[in-house]
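Take a look at the letters that make up each chain.
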Amino acid sequence: MPLLTQYLVIGLGGALGSMLRFGIGTLIDSGMSKGTGPIFPWGTVIVNITGCFIIGFVFTISTAEGRLYMSPLTRNFITIGILGGYTTFSSFSWQTLVLVQSGQRWEAAANVVLSVVLCLVGVWLGAWVAGWINQVR
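First, a word on scope: everything that follows refers to the structure included in this document. Quick caveat, the model's predicted, so the values are computed rather than measured.

Per the secondary structure count, the protein chain includes five helices and zero strands. Relative to a compact globule of 137 residues, whose C-alpha radius of gyration would be 14 Å, the protein chain shows 18 Å and is clearly more extended. Viewed in the frame of its principal axes, the protein chain has a C-alpha envelope of about 55 × 35 × 35 Å. Here the protein chain holds 137 residues, and the buried ones make up 21% of them. Sequence separation of 24 or more characterises 55% of the internal contacts of the protein chain that already satisfy a separation of 6 or more. About 9,600 Å² of surface is accessible on the protein chain, with carbon and sulfur atoms providing 73% of the total.

What follows is the structure, encoded as structure tokens:
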């Protein structure tokens, strides 16, 4: 399979996943908003949970012992492409589950702590830098 074809297929999946994320998140959040300002991000939570469910389902059902054969390209289209655009939380969750299932509990715990804490620090730092740039005249 040519590398360019793989990139195009995964890119198409990513575009579809991103549009799904936006559509579902917007639909859920707009249905819950009362026009009173920020609300709990239910759209994001539901997207992340459904993405995690789907990646667990796809990876498990399409293993060598699974009931559904998927070519590597199809599997990558769904998991890296669609779900990568839909939510990267699904990849994080799957990788953590694989670590736990392989007996690497400390590594799984480290993945959770490092990912959550460092991502929160990263988003805070990015917001801080952007705020600082916004103030520079």
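Right, picking up where we left off after that structure.
Turning to the packing of helix H2 (residues 42–61) against helix H3 (residues 72–86), a few remarks are in order. Relative orientation of the contacting elements H2 and H3 amounts to 170°, with a least axis distance of 10 Å. One way to sum up the angle between H2 and H3 is to call them roughly antiparallel. Between H2, through Val 47, Thr 50, Gly 51, Ile 54, Ile 55, Val 58 and Phe 59, and H3, the contact on the second element is made entirely by Arg 75, Ile 78, Thr 79, Leu 83 and Tyr 86. A breakdown of the residues in the contact of H2 with H3 according to their chemical character gives eight nonpolar, three polar and one charged.

Within the largest apolar cluster, nine residues are counted, these being Val 47, Ile 55, Val 58, Phe 59, Met 70, Ile 78, Leu 83, Tyr 86 and Trp 94. Sorting elements by how many residues they give to this core places H2 first, with four residues. Among residues more than four places away in sequence, those in contact with Leu 83 are Gly 51, Ile 54, Ile 55, Ile 78, Thr 88 and Ser 90.

What follows covers helix H1 (residues 3–32). The α-helix winds at 3.6 residues per turn, so residues separated by three or four positions along the chain end up facing the same way. Here H1 is 30 residues long and its end C-alpha atoms lie 43 Å apart, about the 44 Å a rise of 1.5 Å per residue gives. Those residues of H1 that fall on the buried side of the exposure criterion are Gly 13, Gly 14, Gly 17, Gly 25 and Ile 28. Looking at the buried residues of H1, the elements they touch are H2 and H3.

Where H2 meets helix H4 (residues 89–101), the closest approach of the two axes is 8 Å, and the angle between their N-to-C directions is 50°. As summarised for this structure, H2 and H4 are arranged oblique, according to the angle between their axes. In terms of crossing hand, the pair formed by H2 and H4 is right-handed. Taken together, the residues of H4 that come into contact with H2 (itself represented by Asn 48, Gly 51, Cys 52, Ile 55, Gly 56, Phe 59 and Thr 60) are Phe 89, Ser 90, Ser 91, Ser 93 and Trp 94.

What follows deals with the packing of aromatic side chains. The tally for this structure, following the rule as stated, stands at three aromatic pairs. An angle of 25° between the planes, with centres 6.2 Å apart, marks the rings of Phe 53 and Phe 57 as stacked. Of this pair, Phe 53 and Phe 57 both sit in helix H2, four residues apart, which is roughly one turn of that helix.

One can find Thr 96 in helix H4. Of note is the side chain of Thr 96, whose polar atom sits 2.8 Å from the side chain of Asn 111. Leave out the neighbours within four places in its chain, and Thr 96 touches Ala 108, Asn 111 and Val 112.

Attention shifts here to the environment of Gly 85. Topologically, Gly 85 is positioned in helix H3. Leaving out residues up to four positions away in the same chain, Gly 85 has contacts with Gly 14, Gly 17, Ser 18, Arg 21 and Ile 80.

Moving on, we get to the state of the cysteines. Linking two cysteines covalently via their sulfur atoms produces the bond known as a disulfide. With the rule as written, the count across this model stands at zero disulfides. Summary of cysteine pairing: Cys 52 is not part of a disulfide, and the nearest cysteine sulfur, belonging to Cys 119, is at 13 Å.

What counts, and where the lines are drawn
Residues numbered from 1 in each chain as written. Predicted model: local features only at pLDDT ≥ 70, side-chain atom pairs only at ≥ 80, totals over all residues. Heavy atoms only, no water. Helix = DSSP H or I, 4+ residues; strand = E, 2+ residues; numbered from the N terminus. Rg over C-alpha atoms; globule rule 2.2 N^0.38 Å. Buried < 20%, exposed > 50% of the residue type's maximum accessible area, 1.4 Å probe, protein only. Contact = heavy atoms within 4.5 Å. Areas by Shrake-Rupley, 256 points an atom, 1.4 Å probe, with all protein chains shown as cover. Axes fitted to C-alpha atoms, helices over the stretch in contact; angles between N-to-C directions. Parallel < 35°, antiparallel > 145°, perpendicular 65-115°, else oblique. Nonpolar A, V, L, I, M, F, W, Y, C, P; charged D, E, K, R; others polar. Core = buried A, V, L, I, M, F, W, Y, C linked by side-chain atoms within 4.5 Å. Expected span 1.5 Å × (residues − 1). Left-handed = near helix turned anticlockwise from the far one by under 90°. Phe/Tyr/Trp six-rings, centres within 6.5 Å; stacked < 30°, edge-to-face > 60°. Polar contact = N/O pair within 3.5 Å; in protein donor to acceptor, adjacent residues only side chain to side chain. Disulfide = S-S within 2.5 Å.

Any functional reading would require information that these geometric values do not contain.
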